[in-house]
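So the chains spell out like this:
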Amino acid sequence: LAIFVEMCMAQASNPDSDFLVVFAGFTFGVGMLEETCKLLPLIWYYYRHHTISWRLACLWGLASGAGFGISEGIHYSEMLYN
């Protein structure tokens with residue numbers, strides 16, 4: 001999985017790549033991986049309790065999205081500004 005993401009990022013970061021390659025690399029390589037990571041806690045919760053309310057699912061999605069957003073912000077700030 002890590003090799004697939006790395007290949008997608010390498011192709012998407014290549015300045016000679018066309019729009020469709022960049023779009024596919026960021027959409028499938030990065031986007032799908034992040035959304036799958038956000039879904040894993042919900043699957044775990046559903047597996048353990050056999051039910052989940054939509055409010056709890058939205059709350060977990062909000063927390064996961066905020067976590068990814070904060071970590072990406074810190075990561076890109078560290079890479080680009082320092």
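Computed from a predicted model, the values in this text were never measured in an experiment.

K.L.:
Describe the packing of aromatic side chains, listing the residues and the values that go with them.
P.N.:
On inspection of all chains with the given rule, the structure shows two aromatic pairs. Measuring from ring centre to ring centre gives 6.0 Å for phenylalanine 19 and phenylalanine 23, while their planes differ by 25 degrees; the resulting arrangement is stacked. One end of the pair, phenylalanine 19, and the other, phenylalanine 23, are both in helix H2 (residues 19–49), four residues apart, so they sit about a helical turn from each other. Assessed through its relative accessible area of 47%, phenylalanine 23 is described here as partly exposed.

K.L.:
Outline the pattern of salt bridges, listing residues and values.
P.N.:
Under the criterion given, the structure shown has one salt bridge. With a shortest N-O distance of 3.3 Å, lysine 38 and glutamate 35 are connected by a salt bridge. Taken together, the residues lysine 38 and glutamate 35, both in helix H2 and three residues apart, mark about one turn of the helix. Residue classification places glutamate 35 among the partly exposed positions, given a relative accessible area of 44%.

The rules we used
- Numbers given to residues run from 1 along each chain, matching the order in which its sequence is written.
- Only residues with pLDDT of at least 70 get local features here, since the model is predicted, and only at 80 or more are side-chain atom pairs given and counted; chain-wide, interface and lining totals rely on the full set of residues.
- Only heavy atoms go into the side-chain values, all of them from the structure, while hydrogens and water stay out.
- Side-chain rings of Phe, Tyr and Trp (the six-membered ring for Trp) are treated as a pair once their centres are within 6.5 Å; stacked means planes under 30 degrees apart, edge-to-face means over 60, and tilted covers the remaining angles.
- Labels follow the DSSP assignment, with helices taken as runs of H or I lasting at least four residues and strands as runs of E lasting at least two, numbered in each case from the N terminus.
- Buried means the residue's accessible area, taken with a 1.4 Å probe over protein chains only, is under 20% of the maximum for its type, while exposed means over 50%, and partly exposed covers the values in between.
- For this analysis, a salt bridge means a side-chain nitrogen from Lys or Arg found within 4 Å of a carboxyl oxygen belonging to Asp or Glu.

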